[in-house]
Amino acid sequence: MGIQVEFNPDLALRNIAEYKNGNRKKEECIPENLEVEKEYNFLKKDQRLYWLHGELPLLETTGNEQLSKPKASIIILEATHFKENDTVYTKGKYKVIEIFKDDEIHFESYQKI
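Values in this document were obtained by computation on a predicted structure and should not be read as measured data.

Peer 1: Lay out the nonpolar core with the relevant residues and their values.
Peer 2: Of all hydrophobic cores here, the largest spans 14 residues; its most connected members are Leu11, Leu34, Leu58, Ile74, Ile76 and Tyr94. Looking at this core, the elements that each hand over two or more residues are strand 2 (11-13), strand 3 (39-45), strand 5 (56-63), strand 7 (72-84) and strand 8 (87-99). With three residues, the top contributor of residues to this core is strand 7.

Peer 1: Lay out the pattern of salt bridges in plain terms, naming residues and giving numbers.
Peer 2: Counting across every chain of the model gives six salt bridges. With a closest N to O distance of 3.3 Å, Glu28 and Arg24 form a salt bridge. For Arg24, a relative accessible area of 28% gives the class partly exposed. Note that Asp86 is salt-bridged to Lys83, the shortest N-O span being 3.2 Å. The residues Asp86 and Lys83 share a single accessibility class, namely exposed.

Peer 1: Explain the layout of surface pockets residue by residue, including any values.
Peer 2: Over the atoms rolls a probe the size of a water molecule, and in doing so it shows where empty space is left. In this structure, the largest pocket spans a volume of roughly 470 Å³. Glu6, Lys44, Arg48, Thr61 and Glu65 are, among the 20 residues lining the largest pocket, the residues nearest its centre. Only strand 1 (6-8), strand 2, strand 3, strand 4 (48-50) and strand 5 provide two or more residues apiece to the lining of the largest pocket. Looking at the lining of the largest pocket residue by residue, the class counts come to seven nonpolar, four polar and nine charged. In this structure, the second largest pocket encloses a volume near 250 Å³. The wall of the second largest pocket is formed by 13 residues, among which Ile16, Lys26, Pro31, Glu32 and Tyr40 lie closest to the centre.

Reading guide: rules and limits
Residues numbered from 1 in each chain as written. Predicted model: local features only at pLDDT ≥ 70, side-chain atom pairs only at ≥ 80, totals over all residues. Heavy atoms only, no water. Core = buried A, V, L, I, M, F, W, Y, C linked by side-chain atoms within 4.5 Å. Buried < 20%, exposed > 50% of the residue type's maximum accessible area, 1.4 Å probe, protein only. Helix = DSSP H or I, 4+ residues; strand = E, 2+ residues; numbered from the N terminus. Salt bridge = Lys/Arg side-chain N within 4 Å of Asp/Glu carboxyl O. 1 Å grid on protein atoms, 1.4 Å probe; cavity = no way out; pocket = protein on both sides within 12 Å on 5 of 7 lines; lining within 4 Å. Points joined across faces, edges and corners; volume = space filled by probe spheres on them. Nonpolar A, V, L, I, M, F, W, Y, C, P; charged D, E, K, R; others polar.

See the structure below:
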């Protein structure tokens, strides 16, 4: 038996409506009004590893690996694994570097263009 870990080249969070409807915690969702240079907390189920040496895309997910185009460029400041009720989670903090409001391509995989 091995250690189950997921490597993520991005941070994929839910729409804030999921929090407002009581389906998700606030940290599992993209904040309603993202601001450049502001720091936010995130929460993901399972044990995940993120790249900490540069910018990566912030995506919106509806689940089942359904992902949007990048909403913003962020840097992960910290990520910690923990267990709650026998379920493993990853929590952390990210900082918004740039917000995208166009349909241009801003990343190729995790590399910012």
